[in-house]
Amino acid sequence: MDFNNLVTQLNAGTILPEGIVLITLLGILVGDLIFGRSIARNLSYFAVGGLVCSLVALILQWDNPQPVSFIGAYSSDPLSVVFRAIVVLSAAVTILMSISYVEQTGTALAEFVAILLTATLGGMFLSGSTELVMIFVSLETLSISSYLMTGYMKRDPRSNEAALKYLLIGASSSAVFLYGISLLYGLSGGETTLEAIARGIAGASGSLSLGLVVSLVFTIAGIAFKISAVPFHQWTPDVYEGSPTPVVAFLSVGSKAAGFALAIRLLVTAFPQVIEQWHFVFTALAILSMVLGNVVALAQTSMKRMLGYSSIAQAGFVMIGMVIGTETGYASMVFYLFVYLFMNLGAFACVILFTLRTGTDRISDYSGLYQKDPFLTLSLSICLLSLGGIPPLAGFFGKIYIFWAGWKAGAYGLVLLALVTSVVSIYYYLRVVKMMVVKEPNEMSDVVKNYPATNWNLPGMRSLQVATLAGLIATSLAGILSNPLFTIANDSVSNTPMLQASVQRQVAVK
Amino acid sequence: MISEFPWLTAIIAFPIVAALAIPAIPDTNGKTVRLYALGIGILELGLIIYTFATQYDFNNPNLQLVERYSWIPQLGLNWSLGTDGLSMPLVVLTGFVTTLAIFAAWNITIKPRLFYGLMLLMYGAQISVFLAQDLLMFFMLWELELVPVYLLISIWGGGQRFYAATKFILYTALASIFILLSALGLAFYGDTVTFDIAELGLKEYPIGLELLAYAGFLIAFGVKLPIFPFHTWLPDAHGEAPAPGSMILAGVLLKMGGYALIRFNAEMLPHAHVYFAPVLAILGVVNIIYGALAAFSQDNLKRRLAYSSISHMGFVLIGISSFTALGINGAMLQMISHGGIAAVLFFLAGVIYERTHTLSMDKMGGMAKSMPSTFALFTFASMASLALPGMSGFVSELSIFLGLTTSDVYDSGFKTLVIFLSAVGLLITPIYLLSMLRRVFFGKLESNGEICWDAKPRELAIAFSLLIPIIGIGLYPKLATQTYDITTAAVAAHLREALPTAVAERKDTSLYAQSIEWKSQTANASPVISSKLVGIANR
């Protein structure tokens, strides 16, 4: 293998976006070492700038004629570009909203941003990796930095508890996942790239082996932990409640999106023989997530816990798109994740804003907020109603697309269940809106009575305002003007060879 | 036929855009905002009337002012609007009632910006429901007013407002699932995926699918109309909503159910309608009698009016099930006339509530002396509601009865039963309405230290502007019917095509029915005749 051939095979240009994030990360570490806390805030703006550059690099990679790189270990096909873009966007918005939050708690900001960028890097690599070792390393990069971020508020016992819980459950699920993929390695006769594994397994045994099913189940267990699908969700509410709110925002959007990217790539590429089995398992996970997430969310009194259960339920909706396995199904997944990014981050930005002013996140403490802060009330209401799927907000279109695709593929029962549970979800989202808007001045909660006047000129508040506004505008308009997003979602699926092959296979079977 | 200026889009967009500007209006006590909202309302009504007066052809039974823009081609969703005789009168009614509701809300002092913003939002949303020609878009617009109505009830409503508002939103949201399911079922049938209402109507479905879709639509629209077992949200919502909210709920929102039943169930799925029409007739009778009896037992003034709405909507069902031009014409007229009557009754109930601060009829009484003009107006409205000749309710209920009697689809035993039972309902109506008048206005004055001053000019103006059209239509029904009866006749003809041939061949021969059809057919037929004459002359 001569040098030129090796360069072509490596095709290292595909990881330019990750490279930019990595350089930003190093720059922040060095800058923090040299200048200390005095420029921490500027460093975080620098991080946002780096993420935006990375996003631009990603956009330039759209329609890359040579997506495969690193000798088959990494792929930069449109699907991976889309998922990496979701991860980068969620990280950028998370940094914007974390500046004042982290500063107020008195911990170091630059280190927090550095850890968050590491997690972003892990999520980005996870979205595109097509080789087992690569998958595991990037999964661990994402997970370990998530554990660190969860426990970032060292003086808060609840943050510590959340971090410990997350670490223990996360580590064991990683172990299970590792066991699953090592079985895969063995069954395929020592292959590590996903396509070679599929070929190897098909060649090794004509019939279905028990080992393959065991490997499938263990792999799914690991993935389901990342996307917090019921019954692998137990960590979610506790971790969401205890960890710093910006971290929760990232976990619920960026980390989840990376998990879905892994799920699609791994399951579709490596397990074509057991496609019915994994569809069945994911159907069960989707049903459980939708029912349990939506029903348990009804009873929550803490805003973050409620959003935690709501994110479980939302993952259930997304899984419908995956289960039906058609082209529109995958496209509806991508579209919904985009929409979910806007509305969930918008909601978390509002929750952070409220917590910063009042120091509480009990739902009953929101009562009467309309009188004191109409802007925050409007933003939070719009984001929550969008999560509940009220037209004409973005979430409505996301749900409609999933139901549309599901009905087209004949998944009538799933669509019906999703519709019913989404009506249930309207109830708990609306409850918060009711608290804020409907309550009269004399029913105002004590914290709202002492609500400080809004001062956007305080350090760090401006960026939080930008994040909230971005969430608000995107959530209100991404539905009505969703045509470009639909095109992106559809193109990302139709231009990805691996998904096309899978869709073709399914059509051929039918 | 695409008109160059998007009139219908303008009608929908104008109040919504105006609502979005409300936060920017400088105002401290809500007075500027209410003037602004009223101004927008009147302008919008003017725009509607101008559009229909200049752009709409009353002699054309088909869709007019059609606009169609591709919105999300991946879903097959189009921004598709159009209007015909079924929707045009209801759009005007919406504009009329909503504008008056804004005017009726003059004394709202809590959160005025939010209130008028929501009112204007609903203004546009309601109209858009009547104009949508794409089923998916219709579903979206149908859901659009959930949250505004929820907030309207739960912020400005009465004592049980949270319960009523939550019940309303859960009922409506659950029911509207069925719209989406039926829509998806119909859209994906066959080779092409389309949500266009006209194209869906042209598809040939297997009867099983058609029946299922019909049942789905019936549940969804039955909750809104409401039809008997799905009605329980209505007395709560109408009873607890503030007076302007009740005006809109009873005056406009119920009509969405009736409109959608004609538009989707009957027009789009005529084969299933053949099976379901007797069910509709029976449900209509149940509505009439149950609503009337339940109204009689209510002590709360607004709940009594709410049950009377249920009773009156039963006539719409019977009209839809009649398979005659006259019956469907009557159903339309009943919706328009009830829109006005219910709005004025709820408005006057609100006027009384502002004085007495109670809706319990036990605590009222003897108010005729202190509020003579309110008393007179209330009496007028009640007479209209019990279908006194000379009022619009009389004409509409009479033509529904005639429509059913002249219908050759049902055998005479069924028709006799339906008519007899609805006539019983008609007899109960005056009983509960007159007893309401007696308990509120006659008897000993139940003074709890408050002075009941009579209606003010503003209130008189609102009541008169609703009552005058009611009497006008009652005296000269053609005023209303000629604007839409070409379309209703076309709908009836379309429905009859679906009937088994044996029945369909028996033409509508009843002389009486033809004579009372207000010459619509002659108006329709005369160009044909004259063109024939011209043809003969040319020879």
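Conventions we followed
- Residues numbered from 1 in each chain as written.
- Chains lettered and ligands numbered in written order.
- Predicted model: local features only at pLDDT ≥ 70, side-chain atom pairs only at ≥ 80, totals over all residues.
- Heavy atoms only, no water.
- Helix = DSSP H or I, 4+ residues; strand = E, 2+ residues; numbered from the N terminus.
- Rg over C-alpha atoms; globule rule 2.2 N^0.38 Å.
- Buried < 20%, exposed > 50% of the residue type's maximum accessible area, 1.4 Å probe, protein only.
- Contact = heavy atoms within 4.5 Å.
- Areas by Shrake-Rupley, 256 points an atom, 1.4 Å probe, with all protein chains shown as cover.
- Lys, Arg positive; Asp, Glu negative; His and termini not counted.
- Charge placed at Lys NZ, Arg CZ, Asp CG, Glu CD.
- Buried area = accessible area lost by both parts, 1.4 Å probe.
- Salt bridge = Lys/Arg side-chain N within 4 Å of Asp/Glu carboxyl O.
- Polar contact = N/O pair within 3.5 Å; in protein donor to acceptor, adjacent residues only side chain to side chain.
- Nonpolar A, V, L, I, M, F, W, Y, C, P; charged D, E, K, R; others polar.
- Pairing = 2+ DSSP bridges.
- Phe/Tyr/Trp six-rings, centres within 6.5 Å; stacked < 30°, edge-to-face > 60°.
- Expected span 1.5 Å × (residues − 1).
- UniProt positions renumbered as here; feature names shortened; annotations may be inferred.
- Patch = residues over 30% accessible without salt bridge, like charges linked within 9 Å, V, L, I, M, F, W, Y side chains within 5 Å.
- Axes fitted to C-alpha atoms, helices over the stretch in contact; angles between N-to-C directions.
- Parallel < 35°, antiparallel > 145°, perpendicular 65-115°, else oblique.

A. Fine view of the overall build of chain A. Helix and strand content of chain A: 22 helices and 2 strands. Since a compact globule built from 510 residues should have a radius of gyration of about 24 Å, the 22 Å found for chain A is in line with a globular shape. Here the C-alpha coordinates of chain A stretch approximately 75 × 55 × 40 Å along the principal axes. Across the 510 residues of chain A, 63% fall into the buried class. Taking the intrachain contacts of chain A between residues at least 6 apart in sequence as the baseline, contacts between residues at least 24 apart amount to 82%. A total accessible area of about 17,300 Å² is found for chain A, and carbon and sulfur atoms account for 67% of it. Each charge sign in chain A was given a centre, from 25 positive and 24 negative side chains, and these centres are 8 Å apart.

B. Main features of the interface of chain A and chain B. Counting from both sides, the interface comprises 33 residues of chain A and, opposite them, 33 residues of chain B. Together chain A and chain B conceal approximately 3,200 Å² of surface at their shared face, both sides included; 79% is due to carbon and sulfur atoms. Contact with chain B buries area across many residues of chain A, yet Trp404, Trp407 and Val438 of chain A alone supply 20% of it, more than any other trio. Here chain A is connected to chain B by 0 salt bridges. On the surface where chain A and chain B come into contact, there are 5 residue pairs in polar contact (both at pLDDT 80 or more). At the level of secondary structure, the elements contributing two or more residues to the side of chain A that touches chain B comprise helix H15 (369–372), helix H17 (394–408), helix H18 (412–437), helix H20 (461–480) and helix H21 (483–494) of chain A. The residue inventory of the side of chain A that touches chain B, partitioned by class, reads 23 nonpolar, 6 polar and 4 charged.

C. Representation of the pairing of strand S1 (residues 64–72) of chain B. Residues and elements named next belong to chain B. The pairing of S1 with strand S2 (residues 77–83) spans 6 bridges and is antiparallel. Bridge pairing in S2 links Arg68 to Ser80. Turn length for the S1-S2 hairpin, with the two strands adjacent in sequence and antiparallel, is 4 residues, and the turn residue Gly76 shows positive phi of about 75°.

D. Local environment of the packing of aromatic side chains. Residue and element names in this part refer to chain A. Summed over the entire model, instances satisfying the criterion amount to 48 aromatic pairs over all chains. Here the aromatic rings of Tyr74 and Phe125 are separated by 5.8 Å at their centres, their planes lie at 75°, and the arrangement is edge-to-face. Here Tyr74 is found in strand S2 (residues 74–75), whereas its partner Phe125 is found in helix H5 (residues 109–128), with 51 residues between them in sequence. Of the two residues, Tyr74 and Phe125, neither departs from the other in class, the shared state being buried.

E. Structural detail: the pairing of S2 of chain B. Most of S2 of chain B is tucked away: 7 of the 7 residues are buried. Neither face of S2 of chain B is open: one carries Leu77, Trp79, Leu81 and Thr83 of chain B, the other Asn78, Ser80 and Gly82 of chain B, and all of them are buried.

F. Here's a closer look at helix H13 (residues 301–320) of chain B. The first and last C-alpha atoms of H13 of chain B sit 30 Å apart over 20 residues, in line with the 28 Å expected at 1.5 Å per residue. Where H13 of chain B begins, one side-chain oxygen reaches toward the backbone nitrogen of Lys302 of chain B, 2.9 Å away; that side chain belongs to Asn300 of chain B.

G. View of the UniProt feature "domain: NADH:quinone oxidoreductase/Mrp antiporter transmembrane" (unreviewed entry) in chain B. Look at the UniProt record and you will see "domain: NADH:quinone oxidoreductase/Mrp antiporter transmembrane" (unreviewed entry) annotated at residues 132–410 of chain B. Taken as a whole, residues 132–410 of chain B contains 78% helix and 0% strand, while its terminal C-alpha atoms sit 33 Å from one another.

H. Examining helix H18 (residues 412–441) of chain B more closely. An ideal rise of 1.5 Å per residue puts 44 Å on 30 residues; H18 of chain B measures up with 43 Å between its terminal C-alpha atoms. In the segment just after H18 of chain B, Gly443 of chain B is the residue with positive phi, at about 80°.

I. The arrangement of the side chain of Gln298 of chain B in detail. All names here are of chain B. Secondary-structure assignment places Gln298 in the loop between helix H12 (270–296) and H13. Since its relative accessible area comes to 13%, Gln298 is described here as buried. One polar contact links the side chain of Gln298 to the main-chain carbonyl oxygen of Ala294, over a distance of 3.2 Å. Apart from the residues lying within four places of it in its own chain, the contact partners of Gln298 are Arg303, Arg304, Tyr307, Met361 and Arg439.

J. Molecular detail of the environment of Ser337 of chain B. Residues and elements named next belong to chain B. Note on placement: Ser337 falls in helix H14 (residues 325–356). Classification of Ser337 by relative accessible area gives buried; the value is 3%. Residues Ser337 and Glu267, 70 residues apart in the sequence, show an inter-C-alpha distance of 22 Å. At 3.4 Å, the side chain of Ser337 and the side chain of Ser392 are in polar contact.

K. Seen up close, the environment of Phe228 of chain B. Residue and element names in this part refer to chain B. Position of Phe228 among the secondary structure elements: in the loop between helix H9 (207–224) and helix H10 (233–240). Exposure remark for Phe228: the relative accessible area of 29% places this residue in the partly exposed category. Placed 207 residues apart in sequence, Phe228 and Ala21 show a C-alpha to C-alpha distance of 41 Å. Residues within four places of Phe228 in sequence aside, it is in contact with Val286, Asn287 and Tyr290.

L. Summary view of a nonpolar patch on the surface. Residue and element names in this part refer to chain A. Together, Leu22, Leu26, Leu29, Val30, Leu33, Ile34 and Phe35 make up an exposed nonpolar region whose accessible area comes to about 730 Å². With respect to the element layout, Leu33 can be found in helix H2 (residues 16–35). Judged by its relative accessible area of 75%, Leu33 is exposed.

M. Spotlight on the UniProt feature "domain: NAD(P)H-quinone oxidoreductase subunit 2 N-terminal" (unreviewed entry) in chain A. The positions UniProt marks with the feature "domain: NAD(P)H-quinone oxidoreductase subunit 2 N-terminal" (unreviewed entry) are residues 12–99 of chain A. End-to-end, the C-alpha atoms of residues 12–99 of chain A are 33 Å apart, and along that stretch the chain is 73% helix and 5% strand.

N. Main features of unusual backbone geometry. Following Pro391 of chain A, the chain continues into Pro392 of chain A via a peptide bond in cis, with omega recorded as 0°. With respect to the helices and strands, the residue Pro392 of chain A is situated in the loop between helix H16 (374–387) and H17. Following Leu225 of chain B, the chain continues into Pro226 of chain B via a peptide bond in cis, with omega recorded as 0°. Tracing the chain through its elements places Pro226 of chain B in the loop between H9 and H10. Despite not being glycine, Ile71 of chain A has its phi angle at roughly 55°, a positive value. Tracing the backbone shows Ile71 of chain A in the loop between strand S1 (68–69) and S2. Phi at Phe323 of chain B takes a positive value of approximately 65°, unusual for a residue other than glycine.

O. Structural view of the environment of Ser138 of chain A. All names here are of chain A. With respect to the element layout, Ser138 can be found in helix H6 (residues 132–150). As for Ser138 and Met124, which are separated by 14 residues in sequence, their C-alpha atoms are 8.2 Å apart. Every residue in contact with Ser138, bar those within four places of it in the chain, is listed here: Gly122, Phe125, Leu126 and Ser129. Reaching out from Ser138, the side chain makes a polar contact with the backbone oxygen of Ile135 at a distance of 3.1 Å.

P. Up close: the pattern of salt bridges. All names here are of chain B. Inspection of every chain in the model, using the stated rule, returns 23 salt bridges over all chains. With a shortest N-O distance of 2.9 Å, Glu459 and Arg355 are connected by a salt bridge. Highlighted residues: Glu459 in helix H19 (residues 457–475) and Arg355 in helix H14, separated in sequence by 104 residues. Under the relative-accessibility criterion, Glu459 is labelled buried at 4%.

Q. Highlighting the side chain of Asp373 of chain A. All names here are of chain A. Take Asp373: it is sitting in the loop between H15 and H16. Only 3.1 Å separates the side chain of Asp373 from the side chain of Arg357, close enough to count as a polar contact. In contact with Asp373, other than residues within four places in its own chain, are Arg357, Tyr451 and Thr454.

R. Geometry of the packing of helix H1 (residues 7–20) of chain B against helix H2 (residues 31–55) of chain B. Residue and element names in this part refer to chain B. Between H1 and H2, whose axes approach to 10 Å, the crossing angle comes to 180°. Overall, the two elements H1 and H2 adopt an arrangement that is roughly antiparallel. Together, Trp7, Leu8, Ala10, Ile11, Phe14, Pro15 and Ala18 of H1 and Tyr36, Ile40, Leu43, Glu44, Leu47, Ile48, Tyr50, Thr51, Phe52 and Gln55 of H2 make up the contact between the two elements. Looking at the contact of H1 with H2, its residues break down into 14 nonpolar, 2 polar and 1 charged.

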